Amino acid sequence: MAAVLEKKLFTYDDIAALPVGQYEIIDGVRKDMTPTGGMHSKLEYQISRLLGDHYGAAYHILVGEVGILIKKSPLRVRAAGIACISKEKMNNVPLGILE
């Protein structure tokens, strides 16, 4: 008889204790992501430099598959390659996922 693996459904209450890794959470289900490649990384860097040069004084420019909370229930956390967020809306960049 084959063992059945039960998938863990993550909720908003789990957000502070999410495991480290490269994944997104779609409707509470962890979806592993393939690591990005060299060209992706190069383009991410170039675009972030352009954004930083033009908007860096007024915006936080974040790179590297930044976790962003999209919806609390069911939990949806997406990974953004680049995020540009107004400093008026977010004074300080949090250590964990952006809400």
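Located above this text is the structure these notes cover.
In this report, we go over the structure that sits alongside the text. The structure displayed is predicted, hence computed values, not measured ones.

One recurring pattern in soluble globular proteins is that nonpolar side chains are buried together. Core analysis: the biggest nonpolar cluster contains eight residues, these being F10, I15, L18, Y23, I25, L69, L75 and V77. In this view, Y23 contacts L18, R30, K31, D32 and M33; residues no more than four positions away in its chain are not counted. The next biggest cluster of nonpolar side chains, apart from the first, holds five residues, and it includes L62, V66, A83 and L98.

Moving on, we get to a nonpolar patch on the surface. Together, M39, L43 and I47 make up a nonpolar patch on the protein surface, roughly 290 Å² of accessible area in all. Inspection of the secondary structure assignment puts I47 in helix α1 (residues 38-55). I47 sits in the partly exposed class, given a relative accessible area of 42%.

We now examine the packing of aromatic side chains. A full pass over the atoms with the stated rule returns one aromatic pair. When the ring of Y55 is compared with that of Y59, the centres are 5.9 Å apart and the planes differ by 80°; the resulting orientation is edge-to-face. Note on Y55: relative accessible area 44%, which makes it partly exposed. Overall, Y59 belongs to the partly exposed group, its relative accessible area being 32%. The ring centre of Y23 lies 4.2 Å from the NZ or CZ of R30, which sits over that ring. Of note, K72 hangs over the ring of Y12, and the distance from its end group to the ring centre comes to 4.5 Å.

Rules used in this analysis
- Residues numbered from 1 in each chain as written.
- Predicted model: local features only at pLDDT ≥ 70, side-chain atom pairs only at ≥ 80, totals over all residues.
- Heavy atoms only, no water.
- Core = buried A, V, L, I, M, F, W, Y, C linked by side-chain atoms within 4.5 Å.
- Buried < 20%, exposed > 50% of the residue type's maximum accessible area, 1.4 Å probe, protein only.
- Contact = heavy atoms within 4.5 Å.
- Patch = residues over 30% accessible without salt bridge, like charges linked within 9 Å, V, L, I, M, F, W, Y side chains within 5 Å.
- Areas by Shrake-Rupley, 256 points an atom, 1.4 Å probe, with all protein chains shown as cover.
- Salt bridge = Lys/Arg side-chain N within 4 Å of Asp/Glu carboxyl O.
- Helix = DSSP H or I, 4+ residues; strand = E, 2+ residues; numbered from the N terminus.
- Phe/Tyr/Trp six-rings, centres within 6.5 Å; stacked < 30°, edge-to-face > 60°.
- Lys NZ or Arg CZ within 6 Å of the ring centre and 35° of its normal.

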